[in-house]
Structures are given as C-alpha cells and as structure tokens.
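# Structural overview
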Amino acid sequence: MNQPQVLRSALHGWQQVFADCDFVESCPTSPVVDFGETMALVDFVGTLEAISGSAGVQALGWKVGEAVDLPHYGDIGRAVGSAQTLGAALRQMCTYFDLLQDLTELRLIDEGEFVALSYRILDPTIWPRHQDAIYTLAIKARIMFSACDFPQNEAEIFLETPDRTLAEQLERASGLTCHPGAESNMIRFPARCLALPMRPGRPFEPPKLSGLATSLKEKRRAKPIEDKVRATVYSRLGRSRVCQSVVAAELGLSDRTLRRRLAADNTSFQAIVDECRIRQAVLEITRQSSVSISEIALRLGYSEHSTFSRAFSRCMGIPPQAYLRGVSRGDDARLVRI
C-alpha cells in the first residue's frame, strides 16, 4: 500500500500560525510551499493536530481555512473560482479533489430539500484528524458564502468526532450550528442554494478543464490496483454492498481481470476487504467507546457477530470486546494498531 499524499500547498495559511506559536515539530523547513510538491497525508494531519494543541485553540483549523484563497489550489482553484453558480463551483471541487489529496472522499449528497457537502479521509488509521476536517470545511464554507444571498443561518456543520467541546468552539468560530458524532464531516444547506450565482469578485481565467481531466485520469491510472480496490472498499463500507463484482464494475474491470491483477500483487479481494473492515472497526471503537460491537459488525458487512470477533482477534491479537474495554479505560494509545 502506497502512503496517501497531499499537496503541500494545503499548508497555505498555516505558516504564520507556525511562526506565531514558535512551532517547529513536524513543520516544513521552508516557508515557501510550491504547488505540486507533496507530503504524506498522515504527516499533514498530524501537523495540524499538533499545532492546534500547541496553540491551545481547538477550532484553529476554521480560522485558518476561512482565510485561504482559491488561487492557492492552482488550476483547480481557477476552475472553482470561474464557476457561475455555487452548484457548479462545488461540483468542480468534488470532481478534481483527488488531484489535491489521496484516499479522501469529497462529495455532494442529495437529501431532497437539502444537500450536504461531505468530506472524509478514507484511511481509518489516520486519527485524530479533527483540525484537517475543520480546516477543509472552512475552505468549502468560504466558497458557499461567496454565493449571492447564501443563507448562512440555514447551514449546519456535522463532525465525525464525538468531541462536544470542539463542536461548541466551532459553533462560536463559524456562527453555524455544529453536530458532533456524525458519519462524516459535512456542511448541510438548502438544495436551492446550488442555483445561486457566485458573487462578482476577483476575475479568474478559466483553466482548460480537459487538462485537469487528463491529469486526473493519469493519476488514477498510475495507482496500484490494490490501492484502487482499498479506496473503493473504504468508501462503501457501512453504506452499501461490498462485493468483488460491484467493486470490479466501479473500477471498469471484469471480475476475472480484477482477480488476476490482485493475484499478480500477491493479494486477493477478500484479503483487502478483511483488512479494511478491521481497520475501520478499530476507528469506530476508538471514536466512540459506547458503540455496540454487534452494531459495528453489522455495519461492516459481517452476517454473524462471532465471525467478526474471530476476524478481529486474528488480526489484533485480542477480541473486540477487550479492545473496547481498553479504549473505555483510556488505554487506546497503548493498544496495538494495524
């Protein structure tokens, strides 16, 4: 598995925070961030968590994110900034976000009268990741608030962290109602807002979308098949059916071709699914120690609680109930991770 990467330009806005807090741990050595350079996503997320702790401000990511300008996203920023409506701007960001950050899901969810812009790092081993979520939502909120007559009083924030204190601080920082303990990080707002025109401002020269599409296609083609399968499985776990035929079809492959390509990498579809399920189970137990083991097993696609317990014990060395007790006692930092 290749380590997920993020463009170092995502650190724009944090450099002054580093300086103000005299923060050096995990900080890039150069204040100049060149678009196109990458860093490990786990390092990026860890840096934001560390600087927030150093500054003593839980909602710091929102303050930094709401000041980020679209030009720092290069052609992607220009594609978003040149959109005529809010819906077009958000769809452009969702379409090309994979060029900015690996193993991450950014999507618009249709909920009838409302829509939700959902953001989630798919790699469950990257945790905690609260500042990354808040920072990213703030950038997206700035795009929304740039639409003419956007009703901020009708928008709400949802966070995957169950931390109520963080949610309360974010409410004060953003002015939006914030709900902790959600399935993913989201901003939910009325669907009618998608048709709102963007407020006239700095003129953006529209990039050639064909160039962005080509870059996206090339990046996805270059990904190892194992990483493609893993990302698809993570995106579907707990939401929809995970089976080889469905995943193969989503990747544009036949069952036979997918099986052959995975075998060439000395792995199998079932091995990847089992790994993803256990990693996700560890995250869900870590996030909410009050969670039911049976509920986790069902959400992750296990037909029997006993099957899940055996798989968890085989991978982690202890049963899920024992792992849950360790988290409840605050021992999760000393528990084995995969």
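Residues numbered from 1 in each chain as written. Predicted model: local features only at pLDDT ≥ 70, side-chain atom pairs only at ≥ 80, totals over all residues. Heavy atoms only, no water.

Let us look at the overall build of the protein. Within the protein one finds 15 helices and seven strands. Within the protein, contacts between residues at least 6 apart in sequence are counted, and of these 70% link residues at least 24 apart. Element-wise, carbon and sulfur atoms account for 48% of the exposed surface of the protein, whose accessible area totals about 15,800 Å². If the 40 positive side-chain charges of the protein are averaged to one point and the 40 negative ones to another, these points end up 6 Å apart. (Helix = DSSP H or I, 4+ residues; strand = E, 2+ residues; numbered from the N terminus. Contact = heavy atoms within 4.5 Å. Areas by Shrake-Rupley, 256 points an atom, 1.4 Å probe, with all protein chains shown as cover. Lys, Arg positive; Asp, Glu negative; His and termini not counted. Charge placed at Lys NZ, Arg CZ, Asp CG, Glu CD.)

Moving on, we get to the confidence of the model for the protein. Caution applies to low-pLDDT regions: their predicted coordinates should not be interpreted in detail. Mean pLDDT over the protein: 90, with 92% of residues reaching 70 or higher. Across residues 24-35, where pLDDT falls below 50, the model places 16 contacts with residues more than four positions away in sequence or in other chains. (pLDDT = per-residue confidence, 0-100.)

With respect to topology, five strands assemble into an open sheet ordered β3-β4-β7-β5-β6, the strand pairing being mixed. Each of the sheet's edge strands pairs with one partner strand only, and the pair in question is β3 (104-110) and β6 (177-179). Mean inter-strand twist for the sheet, computed between neighbouring axes without regard to direction, equals 15 degrees. The sheet contact formed by strand β5 (residues 156-158) and strand β7 (residues 185-190) spans three bridges and is antiparallel. Among the inter-strand pairings, Ile-157 is bridged to a residue of β7, identified as Ile-187. (Pairing = 2+ DSSP bridges. Axes fitted to C-alpha atoms, helices over the stretch in contact; angles between N-to-C directions.)

With that out of the way, let us pick up the environment of Gly-326. Locating Gly-326 in the fold gives a position in helix α15 (residues 320-328). In this structure, the C-alpha to C-alpha distance between Gly-326 and Thr-286, residues 40 residues apart in sequence, is 9.7 Å.

Going through the model one piece at a time under the given rule, you end up with seven aromatic pairs. Aromatic side chains Trp-14 and Tyr-135 sit 5.5 Å apart centroid to centroid with 65 degrees between the ring planes, which places their arrangement in the edge-to-face category. Here the residue Trp-14 occupies a position in the loop between β1 (5-7) and α1 (15-20), and Tyr-135 occupies one in helix α6 (residues 130-145), the gap between them amounting to 121 residues. Neither Trp-14 nor Tyr-135 differs from the other in exposure class; each is buried. Note on Tyr-302 and Phe-308: the rings are 5.2 Å apart at their centroids and 55 degrees apart in plane angle, and the pair reads as tilted. (Phe/Tyr/Trp six-rings, centres within 6.5 Å; stacked < 30°, edge-to-face > 60°. Buried < 20%, exposed > 50% of the residue type's maximum accessible area, 1.4 Å probe, protein only.)

All right, on to the environment of Leu-99 then. Take Leu-99: it is sitting in the loop between α5 (86-96) and β3. Using a relative accessible area of 17% as the deciding quantity, one classes Leu-99 as buried. In this structure the C-alpha to C-alpha distance between Leu-99 and Gln-5, which are 94 residues apart in sequence, comes to 9.9 Å. When residues no more than four places from it in sequence are discounted, the contact partners of Leu-99 are Leu-7, Ile-76, Leu-212, Ser-215, Leu-216 and Lys-219.

Their axes nearest at 8 Å, the elements helix α4 (residues 74-81) and α5 cross at an angle of 155 degrees. When the axis of α4 is compared with that of α5, the two are roughly antiparallel. Considering only the axes of α4 and α5, their crossing is right-handed. In contact with Ile-76, Ala-79 and Val-80 of α4, α5 contributes Ala-89, Gln-92, Met-93 and Tyr-96. Here the residues of the contact of α4 with α5 sort into six nonpolar, one polar and no charged. (Parallel < 35°, antiparallel > 145°, perpendicular 65-115°, else oblique. Left-handed = near helix turned anticlockwise from the far one by under 90°. Nonpolar A, V, L, I, M, F, W, Y, C, P; charged D, E, K, R; others polar.)

For strand β4 (residues 114-121), the buried fraction is high: seven of the eight residues fall into the buried class. Pairing of β3 with β4 involves seven bridges; the strand directions are antiparallel. By the bridge assignment for β4, Glu-105 is matched with Arg-120. Linkage of β3 to β4, two consecutive antiparallel strands, is achieved through a turn of three residues, within which Gly-112 is found at a positive phi near 85 degrees.

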